[in-house]
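# Structural overview for review
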Amino acid sequence: MRAIAVGGVESIEAVTSSFWSLAPYGLVLLRLAPNSQTPLQDALWVQANPATRRLVPGAHLFPGLRLRDILDQDEREPFVRELLRWEGSLEGQGSLSTELTLGEGEERVVFHIDAAQRAGHLLLWLRDLTAERRELESLRRDRELFQRVIHCAPDAIFAKDLDGRYTLINPVGASAMGASPADIIGHDDQDIFLPEDASATRAHDQAVLAARQPLTYEDEDVAGQRVWLSTKGVLRDEKTGAVTGLFGISRDITERKHLERELQESEARYRLVARATREVMWDWHLGSGEMSWSTVHGEVFGEAPEACGASPGWWRERIHPDDQPRVLRTLHAAMEGREDHWSSEYRFRRTDGTYASVLERGYIDRSAEGRPERLIGAMMDVSEHKRREEESAREEPLVERVLAIVNHDLGSPLAAIRLFSQMLAQAPNLTPAQHTTLARIEEITRRMTRLTRQMLDSVRARDGALPVRRRAVDLELVCRRVLDEFTAIYPRRDIQLTVEGNTQGDWDEDRLAQVFSNLVGNALEHGDEAHPITLQLWDVAGVQRLEVNSRGKPIDAALLPHLFEPFRTGSPGGRRTSGGGVGLGLFIVREFVRAHQGEVQVRSSLEEGTTFSLSLPRHAPGATDAPDA
């Protein structure tokens, strides 16, 4: 600092005074103390212009004071304290340049200081950078916000120049293209997509550039795997307004399109189901009171849907007067309660004045608070079904009486035939052919007896009146008794029984004997004589299990779901069910097993053969014994 030249004090102070009103720059003039060990600390604050006073609060109090005196008065004065740090830096230098920040938050001031030594003085130029820094900070925050938005957005966001090269793309968009943003920036669609997809995308870009306004369209890739909903617009130069490129936002709507297609298919199925079932569909919005009807309404009740009105009054007026109170009472009770389903059967007036018997079922859609908001349902014309039920109700007692008579009147002659054939079989000196003939007579009479009994039981089963009399039974003994009868009739057939575990339970011995007889007879009739018929009897956790297996041609897969239906006498492969030819044997098996709260199933394959599986609870819960037939 001792090297600082001295002289021309009056001239420099006169020069600086001419710039004193210069704005927006601040100007400070300090007179250095050349003979001091600390010439800057001992420097005299000569003057400062008004712009400086805005940047350095209190500057108007400093003229005539040494810098050390200013700091002694206020040791926290930041501007002077910063200047005093230059004490050593100015040694041997003619100028300095730095930035200074004063204050914090909204009070923060940033300015640039240029210092120059002239004629024993230190001249300071102050330039206010506060607004510039705040603008830069705001731009930085905006850019960071923009980057966060495009990086976190679930949609693809991108920008291109006029040549179609990507200048911006977010991770979601890049991932959809199977690459990273760095791999896409600088490339066009021809470098990224298949030629067909690239051409379609470029055509959309050209349409946007030509329109000079945002356009929205759906775009599906060639493979048809993804569908995008894209909005594109042009980018313009802020100063000239010239178009410099385009931007785009694309949303993957593949799942939405799938849902829309499924909804369209569902609606189409709804219309087809309504026509196929001839049901009248309705939708009742309780809030608005509006009610809509399906398009098949006129086909069922003779009324066009548009003539039905949009309120439930039309429906209510056409309910038979005797049925209306009951129907409305049950509907209101279901709505006021907690049920979500409602059904009723009543008479509904057609346009010709006649009444149809209808079965109506509805679903009640409720709010989170349990308040009914919407009812959706269907009316089915069951007039023909009711007519058939009434005819069946009149016919079934007659059929049962006829079958009972047939069973009774055939029972005696069949029993006599079996008795006579058994007596003849005891005669000595019978030839093998005669033994065979008597065995056939025995089998035919046995099958005829079983057939008449099954016909009567089938009528009772359809009426839900199968008698079951339970008592303590050993199922192994029942099986062996049935097998003994078949062994006598079929001495050359191999029938094997395997028993494991407990076989005691409460069952109807006669009914289960009939079940076993039907299953074994079925196996003998359709099984391969070269393979044995196997029966397995075992217990599992309180449930009695039984399987009857025979080898041979498997049952056609199309027949399996219907095998236990009555009167199933054949199949596409020519297979006949048991029971002597009318197809009641397996039906009776199923009904007797169900009467014991059990289940029967069948599986059939070329490798395993055909297996009928039974499961019978030992003590059926809630079962009550029926009276003897």
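Fair warning: this is a prediction, and the values are worked out from it, not measured in the lab.

### Side note on the sheet that holds strand β22 (residues 609-617)
Sheet architecture is open: 5 strands sit in the order β17-β19-β20-β22-β21, paired in mixed fashion. Of all strands in the sheet, those bounded by a partner on one side alone are β17 (495-500) and β21 (599-605). When the angles between neighbouring strand axes are averaged without regard to direction, this sheet yields 15°. Running at roughly 170° to β22, helix α17 (residues 509-526) makes contact with β17, β19 (533-540), β20 (543-550) and β22 of the sheet.

### Section: the packing of helix α16 (residues 475-489) against α17
Where α16 contacts α17, the axes come no closer than 9 Å and their chain directions differ by 45°. As summarised for this structure, α16 and α17 are arranged oblique, according to the angle between their axes. Relative to α17, the crossing made by α16 is right-handed. Contact with α16, carried on its side by Leu 475, Val 478, Cys 479, Arg 481, Val 482, Leu 483 and Phe 486, involves Glu 509, Leu 512, Ala 513, Phe 516, Ser 517, Val 520, Gly 521 and Leu 524 of α17 and no other residues of that element. Across the contact of α16 with α17, the residue classes break down as 11 nonpolar, 2 polar and 2 charged.

### Overview of the sheet that holds strand β2 (residues 44-48)
With respect to topology, 5 strands assemble into an open sheet ordered β2-β1-β5-β4-β3, the strand pairing being antiparallel. The outermost strands of the open sheet, each flanked by one partner alone, are β2 and β3 (95-102). The mean angle between the axes of side-by-side strands here comes to 25°, regardless of whether they run parallel or antiparallel. In the packing of helix α5 (residues 130-152) onto the sheet, contacts are made with β3, β4 (109-118) and β5 (121-128), and the angle to β4 comes to roughly 140°.

### Notes on the packing of aromatic side chains
Summed over all chains, the structure comprises 6 aromatic pairs. Between Phe 158 and Tyr 166, the ring centres sit 6.0 Å apart and the planes meet at 70°, which makes this aromatic pair edge-to-face. In this structure, Phe 158 and Tyr 166 share a single accessibility class: buried. In this structure an aromatic cluster arises from ring pairing among Trp 45, Phe 62, Phe 79 and Phe 111.

### Thoughts on the layout of surface pockets
Considered as a void within the structure, the second largest pocket measures approximately 500 Å³ in volume. The wall of the second largest pocket is formed by 24 residues, among which Met 177, Phe 193, Thr 201, Asp 219 and Trp 228 lie closest to the centre. Listing elements by their share of the lining of the second largest pocket, those giving two or more residues are β6 (156-161), β7 (166-169), α6 (171-176), α8 (189-192), α9 (195-211), β8 (215-220) and β9 (227-236).

### A look at the nonpolar core
Grouped together as the largest cluster of nonpolar side chains are 38 residues, with contacts concentrated most on Val 515, Phe 516, Leu 519, Leu 535, Leu 563 and Leu 614. Every element with two or more residues in this core is listed here: α16, β17, α17, β19, β20, α18 (585-595), β21 and β22. Sort the elements by how many residues they give to this core and α17 lands first, with 8 residues. For Leu 519, the contacting residues outside a window of four places in its chain are Val 548, Leu 586, Val 589, Phe 612 and Leu 614. Membership of the second largest hydrophobic core comes to 29 residues, among which are Leu 40, Ala 48, Ile 70 and Leu 90.

### Some details on the side chain of Thr 130
Residue position: Thr 130 is located in helix α5. With relative accessibility at 10%, the residue Thr 130 sits in the buried group. Looking at Thr 130, its side chain comes within polar contact range of the main-chain nitrogen of Val 110, at 2.9 Å. If near-sequence neighbours (up to four positions away) are discounted, Thr 130 is found in contact with Arg 108, Val 109 and Val 110.

Cut-offs applied
Residues numbered from 1 in each chain as written. Predicted model: local features only at pLDDT ≥ 70, side-chain atom pairs only at ≥ 80, totals over all residues. Heavy atoms only, no water. Pairing = 2+ DSSP bridges. Helix = DSSP H or I, 4+ residues; strand = E, 2+ residues; numbered from the N terminus. Axes fitted to C-alpha atoms, helices over the stretch in contact; angles between N-to-C directions. Contact = heavy atoms within 4.5 Å. Parallel < 35°, antiparallel > 145°, perpendicular 65-115°, else oblique. Left-handed = near helix turned anticlockwise from the far one by under 90°. Nonpolar A, V, L, I, M, F, W, Y, C, P; charged D, E, K, R; others polar. Phe/Tyr/Trp six-rings, centres within 6.5 Å; stacked < 30°, edge-to-face > 60°. Buried < 20%, exposed > 50% of the residue type's maximum accessible area, 1.4 Å probe, protein only. 1 Å grid on protein atoms, 1.4 Å probe; cavity = no way out; pocket = protein on both sides within 12 Å on 5 of 7 lines; lining within 4 Å. Points joined across faces, edges and corners; volume = space filled by probe spheres on them. Core = buried A, V, L, I, M, F, W, Y, C linked by side-chain atoms within 4.5 Å. Polar contact = N/O pair within 3.5 Å; in protein donor to acceptor, adjacent residues only side chain to side chain.

Without other data, these values stay purely geometric and don't point to any function.
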